[in-house]
Structure formats: C-alpha cells, structure tokens
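If you want the building blocks of each chain, they are given just below.
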Amino acid sequence: MNRNCSRRKFIGAMGAAAGACIARPSLLSALAAPASRVAVGLCRKYDEQVPNVLSTMFDQLGGLEGLVRGKTVAIKLNLTAKPDVWVEDKQPGMTYWVHNQVVGSLVYLLGKAGARRIRLLESSLAEYPDKLEDFIALAGWKPKGFLSLAPNVEFENTNFLGSGKTYARFMVPGGGLMYKGYDLNHSYMDCDVFISLAKLKQHATTGVTLSMKNCFGMTPCTIYGDEAPEDEPSVAPAGLRGSVLHRGSRLPPKSAPQPLDPDPSQDEGYRVPRIIADLVAARPIHLAVIDGIYTITGGASTLHFDWDHKFVHPGLLIAGLNCVCTDAVATMLMGFDPMADRGKPPFENCESTLRIAEEAGIGTRDLNRIEVVGTPISKARFRFPALSSLKA
C-alpha cells in the first residue's frame, strides 16, 4: 500500500512495533526497540480546551486522517473499578477514570478525520450491568451524547463474549513471556486501528498505570477471573483477575492458552509486567493517549483501599504512536526515571514494564532517543510522591 510522507511519520513506528518479535530480555533487543515522537500538551480544564489541545497534539504527530480514514477504530477506555465511588468528593472522571470530556473529544476528532466506525471498549466489573453504556451511566455519563459526535459509535463490554460468537485468540509474537497467547473479546480483533486511552496514575502492582497497563483490562474475567471454570469460559464474568493473572495460583480454562511455565512465579511484581508486555505485543497499540488533567496519587482506583489517595491537578495530556515511548515520557512527567527498575520509584515493588516491553522490542524507554514535541518535559513535570510514602 502506498503511503505519503505524513502517513509514514504518523504510523511508521507502529509498523515496526507490530512486526517486532517479543523475545527474552537482551541488550540487543533493547537497542533495536523503535523510537517514536511523543506530544505533550498543557490543558488545565475539562472543557473546550480538550479537543483543541488534542487536535494540536495529533497534528504534531503527523495528523489523524492518514491513520483512521475509512477505518474501524477501537478505543480501550480506562474505567477501572466502581463507577459510583468518589474520592475527595470528586467524580471518577476527575480521579481514577479517564474523563468523559477526553473520551468525547477523541471520538469527535476521530470522526472528523474520517473514521468509519468507533467502538468504545472496557471490561466493567462483574457485578455491574452487562452493557457498557449502562455501566458508565452509573457515573453520571450520558452515553447517547457520544453517538452524535461521530458516525457509527458503538459500545462493548469486553469482560465477556459480548456481541461476539467466539473469543478472538491473540498469539504473542516470538512465543510470549507468560503465555503463548490470550483469548479476548472479538472487538479487539475486529478493528483496523487500536487506541489505548489511559489515565495518568500510580499502581500498587506495577508502579504506574498508563497506556500499556490499561490493556491488562482487555482480559475477560470469564476466562481470567477468579471464578472461571476449569474447562471452558463462563457465560458471565465473576470475580477479579487476582488468582489467574496477578498471582498465577490457578490456571485459566483449558480452552485458553496455558502458562508457558508449568510452575510459574506467583510474584505479582514479576508476572503482571510480563503479561502486559505480552498483551501489547499481541494486540499492538496504534495510538496512546493519556489523560493527566486531573487524577489521584496512590493506588490506581478505589479498589486499592490501603493507599492514601490524594486528588491532584497535573494539567496534562500526552499522546504518542508507540506505547512504550509514550509511557516513558509520561513516567518522566510524573517525576520518575523511566530507566529505573525494581527497588527504585516508581517500581519499588515490581519489575519495570517499560524495561520488559523495551527488551521485547516493542519500543524504547530511553528519552535520549524519543523526540518530545509540544510542551517540554521541564515545563510540564508534575512530581508524584513515591508509593512507599502513601500507605494509609
């Protein structure tokens, strides 16, 4: 397929990432990991500034049209935990969810750029309604409002089979680190462009949760949940992912790809970063967008009760074409060193997802190789405290 220069600039790095083989950690693969431009924008409020700032950032990356015109676009939202729990009297979009203004602005800009269909995806908690639009309505969102922002906007709860007839199997290039492959909702396969829309947050297990960690939520609890059956997926999701993915104390159903190691580590700080690297290698991210206008410190959501959550205002939006590069810049903007590893903030209790993904050849975390456009890091940095200082 012929591409003009602008399109090459916009998605060239992703072509390399999608074709990269995930391998065992090595210096060679880290050096070979692709580098890609990352845009940073200052945005103080959830208002008309948001689409304007995002539009400028996307132009700085080369433009949206070449990526999405005539395509089906899937957006993995970050709507972790409960929709009706507020932190410091602030609704979830101001704290631990991506904000509906950012979601709507992205949908609008994608439609303006010619996207044929846009699917909003998230795996909502098992005890809530099956329909994603009903789940977000519990947080005060108006789902019908998104439908008028672009043609053919759809919702899908990916925590179970949803509207599909079968699960889609994503095999990890090169054989994987924890699993050879993962069974996911069909919507992650039935798209031409995949976007991770994340929140700028810390995480008790992985140190930070950004565009890559957001994809951990693609895994359906019908297969990877604590109460999944032994042989086949359950009809409805139940429980969380603690025993299967976090700790590896039990196996997913036999119908799904099994762990590579018959006696796997049960260290969450070892397992989860590798599962994330597997997932973003198997289901590459074409565009990473991070909402850091308002957020919280501490654990990633109200499910982390033992952290001292504080409402904070970084006033940032971040976007990039390579998820590792984007998350590396976001980590630096949070006041942490993206080259740090286990034992040093933000990876005090875990291995670095950035390092593991870099060594897998997905993208570089080395800021010396990443071009940052828009607002310089030095003028946009908002320092988060170390997790060790935030125990409640």
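Residues numbered from 1 in each chain as written. Predicted model: local features only at pLDDT ≥ 70, side-chain atom pairs only at ≥ 80, totals over all residues. Heavy atoms only, no water.

**Considerations on helix H6 (residues 100–112)**
Given 3.6 residues per helical turn, the α-helix brings residues three or four places apart onto the same face.
Alright, step 1. A rise of 1.5 Å per residue sets the reference length of H6, with its 13 residues, at 18 Å; its end C-alpha atoms lie 18 Å apart and thus fit the reference within 8%.
Alright, step 2. Val102, Val103, Gly104, Ser105, Leu106, Val107, Leu109, Leu110 and Gly111 are the residues of H6 that are buried.
Alright, step 3. Immediately beyond the C-terminal end of H6, within one or two residues, lies glycine 114, with a positive phi of roughly 100°. (Helix = DSSP H or I, 4+ residues; strand = E, 2+ residues; numbered from the N terminus. Expected span 1.5 Å × (residues − 1). Buried < 20%, exposed > 50% of the residue type's maximum accessible area, 1.4 Å probe, protein only.)

**Structural notes on the side chain of histidine 186**
Alright, step 1. Locating histidine 186 in the fold gives a position in the loop between strand E6 (181–184) and strand E7 (193–199).
Alright, step 2. A distance of 2.9 Å separates the side chain of histidine 186 from the side chain of glutamate 156, its partner in a polar contact.
Alright, step 3. Residue contacts for histidine 186: discarding those within four places in its chain leaves Glu156, Leu161, Ser163, Gly164, Thr166 and Ala168. (Polar contact = N/O pair within 3.5 Å; in protein donor to acceptor, adjacent residues only side chain to side chain. Contact = heavy atoms within 4.5 Å.)

**Things to note about the pattern of salt bridges**
Alright, step 1. For the structure shown, the criterion picks out 15 salt bridges.
Alright, step 2. Its salt-bridge partner being glutamate 154, residue arginine 119 comes within 2.8 Å of it at the nearest N-O pair. Note that arginine 119 is positioned in strand E3 (residues 117–122) and glutamate 154 in strand E4 (residues 153–157), a separation of 35 residues in sequence.
Alright, step 3. Relative accessible area serves as the criterion here: at 14%, arginine 119 is assigned to the buried category. (Salt bridge = Lys/Arg side-chain N within 4 Å of Asp/Glu carboxyl O.)

**Overview of the side chain of threonine 158**
Alright, step 1. Within the element layout of this structure, threonine 158 appears in the loop between E4 and strand E5 (168–171).
Alright, step 2. A distance of 2.8 Å separates the side chain of threonine 158 from the side chain of tyrosine 188, its partner in a polar contact.
Alright, step 3. Leaving out residues up to four positions away in the same chain, threonine 158 has contacts with Leu121, Glu122, Ser123, Asn185, Tyr188, Met218 and Pro220.

**Structural notes on the environment of tyrosine 188**
Alright, step 1. Counting through the fold element by element, tyrosine 188 comes out in the loop between E6 and E7.
Alright, step 2. Expressed as a C-alpha distance, the spacing of tyrosine 188 and lysine 76, which sit 112 residues apart in the sequence, is 8.8 Å.
Alright, step 3. For tyrosine 188, the residues in contact, after removing those within four places along its chain, are Lys76, Leu121, Thr158, Phe170, Phe194, Met218 and Arg283.

**Focus on the environment of glutamate 127**
Alright, step 1. As for its position among the elements, glutamate 127 is in the loop between E3 and helix H7 (132–137).
Alright, step 2. Using a relative accessible area of 56% as the deciding quantity, one classes glutamate 127 as exposed.
Alright, step 3. In this structure, the C-alpha to C-alpha distance between glutamate 127 and glycine 239, residues 112 residues apart in sequence, is 8.5 Å.

**What about helix H3 (residues 49–60)?**
Alright, step 1. With twelve residues, H3 should reach 16 Å at 1.5 Å per residue; the first-to-last C-alpha distance of 17 Å fits that figure.
Alright, step 2. All of the buried residues along H3 are Val50, Pro51, Val53, Leu54, Met57 and Phe58. Down the axis of H3, the smallest arc covering the buried residues is 165°, so these residues share one side.
Alright, step 3. At the C-terminal side of H3, glycine 62 shows a positive phi close to 120°. (Arc of directions from axis to C-beta.)

**A short note on the nonpolar core**
It is characteristic of soluble globular proteins that their nonpolar side chains tend to be buried jointly.
Alright, step 1. Counting residues in each nonpolar core, the largest one holds 62 residues, and the members touching the most others are Tyr182, Phe194, Leu200, Met212, Ile275, Leu333 and Ile362.
Alright, step 2. If we skip the residues at most four places from it in the chain, leucine 200 touches Leu210, Ile290, Asp291, Gly292, Thr295, Pro314, Ile318, Ala330, Met334 and Phe384.
Alright, step 3. In terms of nonpolar packing, the next biggest core, distinct from the first, is built from 55 residues, Val87, Met94, Trp141 and Val153 among them. (Core = buried A, V, L, I, M, F, W, Y, C linked by side-chain atoms within 4.5 Å.)

**What about the packing of aromatic side chains?**
Each aromatic ring pair is specified by the distance between its two centres and by the angle formed by the two planes.
Alright, step 1. Counted by the stated rule, this structure contains eleven aromatic pairs.
Alright, step 2. Considering the side-chain rings of tyrosine 294 and phenylalanine 311, the 5.3 Å spacing of their centres and the 0° angle between planes classify their relative orientation as stacked. Highlighted residues: tyrosine 294 in the loop between strand E10 (287–292) and strand E11 (295–296) and phenylalanine 311 in strand E12 (residues 311–312), separated in sequence by 17 residues.
Alright, step 3. According to the relative accessible area criterion, tyrosine 294 is buried, its value standing at 17%.
Alright, step 4. Over the aromatic face of tyrosine 270 sits the side chain of arginine 274, whose NZ or CZ is 3.7 Å from the ring centroid. (Phe/Tyr/Trp six-rings, centres within 6.5 Å; stacked < 30°, edge-to-face > 60°. Lys NZ or Arg CZ within 6 Å of the ring centre and 35° of its normal.)

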